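Architecture at a glance
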Amino acid sequence: MKTFNGIAISPGIAVGPIFKIRKADISFQRKSISNPQMEWLRYQEAIAITKKQLEDLYSIIKRNVDEKDAEIFHAQLLMLEDPDLNESIHQIIEVDHINSESALMDAVNSYIANIESLQDEYLRGRAIDIRDVAKKVLCNLLNIKESPFDGLCQPSIIIADDIAPSDTAIMDKSLVLGFCTVKGGATSHVAILARSMGLAAVAGIGSDILNVSEDNNMAILDGDQGLLVIDPDNHLIKDALFRQNIAIIRQSQNRLHANDPAVTIDKHKVEIFANIGNEKEAKEAIIAGCEGIGLLRTEFIYMQSDHLPTEQEQYCIYKNILDIFGMKPVILRTLDIGGDKKLPYFDLPKEENPFLGQRGIRLCLAYPELIKPQLRAALRAANGHNLHIMFPMVADISEVKAAKELISVCYKELNKEGTLISPSIKIGIMIEIPAAALIADKLAKEVDFFSIGTNDLSQYTLAADRTNASVANLASAFHPAVLKLIQKIIIDAHALGKKVGLCGELGSEPEAAPILLGLGLDEFSMNPVAIPGIKSVLRQLSFENTQAFVNSVLQAPDSASVKKMVRESFPQIF
Ligand code: PEP
Ligand code: MG
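Predicted model only: the values in this text are computed from it and were never measured. (Residues numbered from 1 in each chain as written. Chains lettered and ligands numbered in written order. Predicted model: local features only at pLDDT ≥ 70, side-chain atom pairs only at ≥ 80, totals over all residues. Heavy atoms only, no water.)

Here we look at the overall build of the protein chain
The number of helices and strands found in the protein chain is 23 helices and 17 strands. Rg of the C-alpha trace for the protein chain: 25 Å, near the compact-globule value of 25 Å for 574 residues, within the 12% margin. In terms of overall dimensions, the protein chain has a C-alpha envelope of 85 × 70 × 40 Å along the principal axes. Counting only contacts in the protein chain whose residues sit at least 6 apart along the sequence, the fraction spanning at least 24 positions is 70%. With 58 positive and 74 negative side-chain charges, the protein chain shows a spacing of 5 Å between the two charge centroids. (Helix = DSSP H or I, 4+ residues; strand = E, 2+ residues; numbered from the N terminus. Rg over C-alpha atoms; globule rule 2.2 N^0.38 Å. Contact = heavy atoms within 4.5 Å. Lys, Arg positive; Asp, Glu negative; His and termini not counted. Charge placed at Lys NZ, Arg CZ, Asp CG, Glu CD.)

As structure tokens, this is what we get:
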């Protein structure tokens, strides 16, 4: 039995076998071969395996995401049958006596060079697919796993150095019991994903775990205490299963009241919204009892696509989501890439400090071709609904003015084209940079609402990278410095009659509920899974008591003292 300590990033207990994710090395050597027929047969075998994998991927994505997202694998299947490409590869093997790996990459590279020189957007998109499918064939030729989840065939605790957003898009979620990563912090992608799936997760576990653990080792992952125990004894397993059951019972009790409003015992109501990234999550959010969407992370729509989504494609996605919500508010956040979020088909300039570089609104203002189709799609889809548009990563008032100007350009264009646009669209910004918090009084004059992004607000306030496990404890939104900024944002917005929401991970923390309530937050937005639990916590609190409590908690010296004060003052909610 061996115990590893990490950072608790998503609550819950998982008990089961380990599955380790390894990054594949797909380097190979160029070789002459003596038997071209045998080599061609070897190539054909790799193609057959790849076809089977693509068919499986198609079914998995269709089942777990939706049919549209699965289509990409169907298109890749067709590419494997491309007669021109196959003929070129055959020629290189047969005539030049070159090994399959080199023949494949030679043919694919010249095929791609040809289509890229055509400067056609559709064909450029095809080049990405061809590269992707070639990589799959290459892995099969080299006999290595390409998908980090290949071989995952039973519900398991996933152990990895790190898990990229693109990896999780192809993961069969029904086979994941929890996540444990060497890297990452409480607001990293894997943390957000684990919480939205209601799974336990621990980060910053230390790289030893990759050497010490083996696939199928039995383990307990404790997302409440940030622990991973390998080869636990029976006593520990029994205890873990007992705690798992208690949590399940509590969750199902909370779910019974998921649709009741969040009204405190002294009748103060706050709005409970959801953070989502696609249509499937929109449906889950409704079932979880949300009253609207506080954060539609549109970059996930871009990340799940293999090309820059067109205005029409985006229109359909936004329309489908808005239709689910009728007249309930939906806050669409414009594309927030840069930092740790990248688009494979959109080359961003390399930056020394990406989190301090062209991220969010900065990038979109620099490349209006990224955001204009999105704004036009959103404005069109808004008709007959209650859509709000929100800009991320605002640091300066000039950015808000430029973004509003872009919206008004799109309005005018659409009007001219005769498209009906809803006149009631509200415009807001995320407050996630300390500079924005400190000029909140000025920014409030420019917009209809704020939403506080505590994930970034914490990393920028404490100068602690949110994805770096070694500073994860420091990058806490419970730090009094962050709480004081939240207080200022709310006071400044309310002075001008503007509403304030919060869509960072702090909103789903039960320990944060009394603080945020006492600070006067109007709207809590969180992953759908957390909604019933947070509603239940808020219903047990008194607004008046929490207002008094906030005055003392803001005097605490550090995050640990803040949490301790909450636990001591509100024992009933834990
Ligand atoms: C945040 O920064 O708090 C936020 C909600 O945005 P994201 O996590 O997508 O950066
Ligand atoms: Mg953010």
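Topic: the sheet that holds strand β6 (residues 200-203)
With mixed pairing, eight strands are arranged side by side in an open sheet as β1-β8-β7-β3-β4-β5-β6-β2. A single partner strand is all that each edge strand has here, and the edge strands are β1 (2-5) and β2 (7-10). For this sheet, the mean angle separating the axes of adjacent strands, direction not counted, is 30 degrees. Inspection of the sheet shows strand β3 (residues 13-20) paired to strand β4 (residues 156-160) by three bridges, in the parallel sense. Its bridge partner being in β4, Phe19 is matched across the sheet by Ile158. Across the sheet, helix α7 (residues 189-197) lies against β2, β5 (176-181) and β6, angled at about 50 degrees from β2, the strand it touches most. Along the sheet, helix α9 (residues 234-256) makes contact with β3, β7 (218-222) and β8 (227-230), crossing β3 at roughly 115 degrees. (Pairing = 2+ DSSP bridges. Axes fitted to C-alpha atoms, helices over the stretch in contact; angles between N-to-C directions.)

Let's talk about the pattern of salt bridges
Between side chains of opposite charge, a pair can form when the charged atoms approach closely. The full count for this structure, using the stated rule, is 32 salt bridges. When the shortest N-O distance is used, the salt bridge between Arg333 and Glu299 registers 2.5 Å. With Arg333 in strand β12 (residues 329-333) and Glu299 in helix α11 (residues 299-303), this pair connects stretches of sequence that are 34 residues apart. In this pair, the class of Arg333 matches that of Glu299, namely buried. Asp323 is the partner of Lys319 in a salt bridge, and the nearest nitrogen-oxygen pair spans 2.9 Å. With Lys319 and Asp323 both in helix α12 (residues 311-325) and four residues apart, the pair spans about one turn of that helix. In this structure Lys319 comes out as partly exposed when scored by relative accessible area, which is 23%. (Salt bridge = Lys/Arg side-chain N within 4 Å of Asp/Glu carboxyl O. Buried < 20%, exposed > 50% of the residue type's maximum accessible area, 1.4 Å probe, protein only.)

Here's the deal with the coordination of the magnesium ion (ligand 2)
The coordination sphere of the magnesium ion (ligand 2), as far as protein atoms go, consists of Glu432 (OE) and Asp456 (OD), spread over 2.0 to 2.2 Å. Of this pair, Glu432 sits in the loop between β14 (426-431) and α16 (434-438) while Asp456 sits in helix α18 (residues 454-461), and the two are 24 residues apart along the sequence. Judged by its relative accessible area of 2%, Glu432 falls in the buried class. When its relative accessible area of 2% is taken as the criterion, Asp456 is described as buried. (Donors = N, O, S within 2.8 Å, 3.2 Å for Na, K, Ca; no water.)

As for α12
Relative to the 21 Å expected for 15 residues at 1.5 Å per residue, α12 spans 21 Å between its end C-alpha atoms, a close match to the ideal helical length. For α12, the full list of buried residues reads Glu311, Gln314, Tyr315, Ile317, Tyr318, Ile321, Leu322 and Phe325. The first or second residue beyond α12 is Gly326, which carries a positive phi of 55 degrees. (Expected span 1.5 Å × (residues − 1).)

With respect to the site of ligand 1
Around ligand 1, 15 residues are found, and the nearest of them are Arg297, Arg333, Gly453, Asn455 and Arg466. Here an oxygen atom of ligand 1 sits 2.8 Å away from a polar atom, N or O, in the side chain of Arg333. Contacts to ligand 1 include Asp456, whose side-chain N or O atom sits 2.9 Å from an oxygen atom. Within the complex, 99% of the 290 Å² of free accessible area of ligand 1 lies under protein. Contributing elements (two or more residues each) for the shell around ligand 1: β11 (293-297) and α18. The leading source of residues in the shell around ligand 1 is α18, at three residues. Tallied by class, residues from the shell around ligand 1 come to three nonpolar, four polar and eight charged. (Near = heavy atom within 4 Å. Polar contact = N/O pair within 3.5 Å; in protein donor to acceptor, adjacent residues only side chain to side chain. Areas by Shrake-Rupley, 256 points an atom, 1.4 Å probe, with all protein chains shown as cover. Nonpolar A, V, L, I, M, F, W, Y, C, P; charged D, E, K, R; others polar.)

Geometric descriptors of this kind do not, in isolation, establish any biological role.
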